[in-house]
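Architecture and fold: a report
Listed below, chain by chain, are the residues.
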Protein chains: 2
Amino acid sequence: MSDFSDSAYDGTNSAHPLASMSDASRPASPVLVSAHKIAIVGLGLIGGSIARRLAEHNRYVMAWNHHPRPYAEATKLGIHCVPTLTELVEGKPDVLILAVPLESMSSVLGQIAPHLHKGTTLTDVGSVKGPVRQVVRKAGLESFYVGAHPMAGNELSGFEASKASLFDNALWALTFDESTDFSRFLTLADMVTKGMGNSFIAVDDGTHDKAAALISHMPHVVSTALVNELVEANFADPAVALALAAGSWRSMTRVSLTDPDRTRAMVELDGLNVAQLLDSMSQRLSRQAALLRAEHEGDEKAFAQSKDFFEQPEPFRRYRRNEEQWDSDDNSAPTSTLVLSDASWRQELLDSAQAGQRVTDIRTTHEMVVETRELN
Amino acid sequence: MSDFSDSAYDGTNSAHPLASMSDASRPASPVLVSAHKIAIVGLGLIGGSIARRLAEHNRYVMAWNHHPRPYAEATKLGIHCVPTLTELVEGKPDVLILAVPLESMSSVLGQIAPHLHKGTTLTDVGSVKGPVRQVVRKAGLESFYVGAHPMAGNELSGFEASKASLFDNALWALTFDESTDFSRFLTLADMVTKGMGNSFIAVDDGTHDKAAALISHMPHVVSTALVNELVEANFADPAVALALAAGSWRSMTRVSLTDPDRTRAMVELDGLNVAQLLDSMSQRLSRQAALLRAEHEGDEKAFAQSKDFFEQPEPFRRYRRNEEQWDSDDNSAPTSTLVLSDASWRQELLDSAQAGQRVTDIRTTHEMVVETRELN
């Protein structure tokens, strides 16, 4: 894992009256500027749901969409829709969220760049973080940027499908690199916790993209491959197989039903990580095939190895049983305080995430409330 | 696929008054003896649920369990519990269902064999059919036997967990080989349709076991392998990954949560079929890994092939959308009549299953009502 050194505070915020300060009064230590005024580029499923929820939590929400179709409805909900991207940026928001596909990001950033106020923190909602940072860096806006990936979504799309409840109990991954500004990170953390009522972990892009490959992108490929095994009909009769299909098949192929282009784009963006995991899975499955053949020949060692294979998920089974407890009101996960230092806040957040902690609230610039969900 | 020739009727039934006939009056053509009196060996989740449902449908249900624990409750529900396996068999049931694990089957068959009335049809509820037939054949009882695999179950076990509704809308796979008796098959078909209110397909053991490997046994291995990828923590941090885990991970790993010994036993019984499918999946995944790496290098052909991979499930996506229609009361799947001949009834049933048909009712010995659910 990377090691993260400190970086000097280099952003100010004048849009929010409580936090406005002149360049001369710039502090040596980070400040906690609440994300009061939030601008959203793109009122789709995710952007729309964030806008609704922040407005419900009394944050000042501005939005621009490439087509004004959702404006009438959004305006009724207290979302301040503006006719141009420039107006949105010139509104000097504390946070500007890019809720657009990666393909559009370069063009949007180009339009934003000349007007961006230095007090504005830039973020996004993409499911792969490394490639987004590259695009932001190319646009010369990296010093404004903190990455974000909210774990929320469904099979639908568009503002019509958006709803504040899409983010009930949502967890966000916030991402940093060695140049990320602590105060900007805190502003985004304020938006996620107090603004959205959500929790977060904070990690570097690489850690995020590997974890997302394991938990989501690679499984999407596996699910598709399972269905292709059926559709190709090389081995078993597909009609007979479908007649016998029960809960296990249904669960394992559900994600193959989503929009194939969206899935492909997501997988390709995290391509090298997914490739490495697919190779590992491929070896795992062919090893298991060999074991089954050896068992058929009566090989005692193979029986023992097969037993190990099926017992290996035990820590995960325990985790899932605990999760039911953690999610209940009566037995929620244990909380503690995470203390961050100016010198090593990134490493401290990364260590915390790797220890199964999630930040549920921020108390001060250097104190976070965390909840622990251990895999053991 | 195998071809099935006709076999002479060699069973009679005297337990059911409507159908009793002497050996002398044995017909040349099959008879439809309804499964009026049904004996169940083993009151676990499946045996118990079948017993409850048949009793609710006013069939005469007898049961024996290796421990009388469930007898008090079962008796209240109108299930006639007997103290010994011998008494159960000597009750001359139309159908005797072995609802015990494969490990116990050989011993149970040994105890049954000396007392089995020739009018009794023997069946089971195991999820792999080839191995069960082998055990039945070893016990010298193959002429009594028709295989069955009801698609019903959950993560629980025991009579306490059993319920008639476990079989709501259930589909059964009935299995035959070239020696299977048509009348015995019809008796079991009567039990499934009119007795249980369920539907069925009928195929040979090999077709069943391959389809079950594809749709259930192999995916159980894949699900377990996915969790092991996380637990081994060779690639991504497991705590971070679990924090990011959303619906796709949850769906794909759900079946890994079931009892590992039960899963292993099921997979091992269908071991050679599962091994072949795992090898195929292994190649599929490593091919996809290679494609992703080629795409990363900008290989245009790889992009096109990747697009094909994600689009290949399209017939399955259509099938799942149609399924919602078929399952609704207003737009249920189209029905037609399947006519069976004395000479080729096995092949006709197999063809019907491979055409996506399910038998929902039997009209006469040679006419079945089928519902069609096509994959196209």
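All of the points below concern the structure found in this document. In this numbering scheme, every chain counts its residues from 1 along its sequence in written order. For naming, the first written chain is A and the first written ligand is 1, with later ones following in the order written. The predicted nature of this model means local features are confined to residues of pLDDT at least 70 and side-chain atom pairs, given and counted, to a pLDDT of 80 or more, with totals for whole chains, interfaces and linings taken over all residues. Computation of side-chain values covers all heavy atoms of the structure but excludes hydrogens and water.

Here we look at the overall build of chain A
Each helix is a run of DSSP H or I of at least 4 residues and each strand a run of E of at least 2, with the numbering of both proceeding from the N terminus. Helix and strand counts for chain A come out as 14 helices and 11 strands. Restricting the calculation to C-alpha atoms gives the radius of gyration, and the globule rule supplies 2.2 Å times the number of residues raised to the power 0.38. Computed over its C-alpha atoms, the radius of gyration of chain A comes to 23 Å, within 12% of the 21 Å expected for a compact globule of 376 residues. Overall, chain A is about 80 × 45 × 45 Å in size when its C-alpha atoms are taken along their principal axes. Split into buried and exposed, the 376 residues of chain A put 59% on the buried side. Contact definition: two residues touch when any of their heavy atoms are within 4.5 Å. For chain A, restricting intrachain contacts to residue pairs at least 6 apart in sequence, the fraction spanning at least 24 positions comes to 71%. Just so you have it, chain A exposes about 14600 Å², and 49% of that area is on carbon and sulfur atoms. In this charge count, Lys and Arg are treated as positive and Asp and Glu as negative; neither His nor the chain ends contribute. By convention, charge coordinates are those of NZ in Lys, CZ in Arg, CG in Asp, or CD in Glu. With 34 positive and 49 negative side-chain charges, chain A shows a spacing of 3 Å between the two charge centroids. Burial classification: accessible surface area is computed with a 1.4 Å probe over protein chains only, and a residue below 20% of its type maximum counts as buried, one above 50% as exposed, and the rest as partly exposed. We get accessible surface area from the Shrake-Rupley algorithm with a probe of 1.4 Å; when it comes to residues, only the shown protein chains can shield them.

As for the interface of chain A and chain B
Taken residue by residue, the interface counts 98 residues in chain A and 98 residues in chain B. Buried area, as used here, totals the accessible surface that two parts lose on assembly, with accessibility defined by a 1.4 Å probe and the loss added over both. Regarding the contact of chain A and chain B, the summed buried area is about 9500 Å², with carbon and sulfur atoms giving 71% of it. Three residues stand out in chain A for area buried against chain B, namely Ile215, Phe235 and Leu244 of chain A, and they jointly supply 9% of the buried area on that side. The term salt bridge refers to a side-chain nitrogen of Lys or Arg lying within 4 Å of a carboxyl oxygen of Asp or Glu. At the boundary of chain A with chain B, the tally comes to 10 salt bridges. Note that Arg284 of chain B is salt-bridged to Glu232 of chain A, the shortest N-O span being 3.0 Å. Among the elements that take part in the side of chain A that touches chain B, helix H7 (residues 205-232) of chain A stands out by supplying 23 residues, more than any other. Among the residues forming the side of chain A that touches chain B, the class breakdown is 53 nonpolar, 26 polar and 19 charged. Each residue is assigned to one of three groups, with Ala, Val, Leu, Ile, Met, Phe, Trp, Tyr, Cys and Pro labelled nonpolar, Asp, Glu, Lys and Arg labelled charged, and all others, Gly among them, labelled polar.

Describing the relation of the copies chain A and chain B
Rotating chain A by 180° and translating it 0.0 Å along the rotation axis places it on chain B, where the RMSD comes to 0.0 Å. Here the copies are linked by what is in effect a two-fold axis. A share of 100% of interface residues in chain A that are also interface residues in chain B marks the association as one of identical surfaces. Only residues with pLDDT of at least 70 in both copies contribute their C-alpha atoms to the least-squares superposition of the copies.

Things to note about the sheet that holds strand S2 (residues 60-64) of chain A
Residue and element names in this part refer to chain A. The criterion for strand pairing is that DSSP finds at least two bridges linking the strands in question. In spatial order, the strands read S3-S2-S1-S4-S5; together these 5 strands make up an open sheet with parallel pairing. Each end of this open sheet is capped by a strand with a single partner; those strands are strand S3 (80-81) and strand S5 (121-124). Sheet analysis places strand S1 (residues 37-41) next to strand S4 (residues 95-98), joined by 4 bridges and oriented parallel. Along S4, the bridge assignment pairs Ile38 with Val95. Axis angles are defined between N-to-C directions and span 0 to 180 degrees, where every axis is a line fitted to C-alpha atoms and, for a helix, only to the segment in contact. Those strands touched by helix H1 (residues 45-56) are S1, S2 and S4, and its axis lies near 160° from that of S1.

Concerning H7 of chain A
All names here are of chain A. Expected helix span is computed as 1.5 Å times (number of residues minus one). For H7, built from 28 residues, the straight-helix expectation of 40 Å at 1.5 Å per residue is met to within 8% by its first-to-last C-alpha distance of 37 Å. What we call the bend at a residue is the angle made by axes fitted to the seven residues finishing there and the seven residues starting there. At Ala213, H7 shows its maximal kink, close to 55°. Most of H7 sits inside the fold, with 24 of its 28 residues counted as buried. Looking one or two places after H7, you find Ala233, whose phi comes out positive at around 55°.

Things to note about the pattern of salt bridges
Within this structure, the stated rule accounts for 48 salt bridges over all chains. For the salt bridge of Lys307 of chain A with Glu311 of chain A, the shortest nitrogen-to-oxygen distance reads 3.3 Å. Placement of the pair is Lys307 of chain A and Glu311 of chain A together in helix H12 (residues 300-311), with a separation of 4 residues, close to one helical turn. Classification of Glu311 of chain A by relative accessible area gives partly exposed; the value is 33%. For Arg363 of chain B, the salt bridge identified is with Glu367 of chain B, shortest N-O distance 3.3 Å. Residue class for Arg363 of chain B comes out partly exposed when judged on its relative accessible area of 46%.

Description of the side chain of Ser251 of chain B
In this structure, Ser251 of chain B sits in helix H9 (residues 247-253). Discounting residues that sit within four places of it in the chain, Ser251 of chain B has contacts with Ser251, Met252 and Arg254 of chain A.

As for the sheet that holds strand S1 (residues 37-41) of chain B
Residues and elements named next belong to chain B. Spatially, 5 strands are ordered S3-S2-S1-S4-S5 in an open sheet, and the strand pairing comes out parallel. Of all the strands in the sheet, just strand S3 (80-81) and strand S5 (121-124) have a single pairing partner and so form its edges. Sitting on the sheet, helix H4 (residues 102-112) is in contact with S1, strand S4 (95-98) and S5, with an inclination near 150° to S4. On top of the sheet, helix H6 (residues 182-195) reaches S1, S4 and S5; it is set at about 75° to S4, its chief contact.

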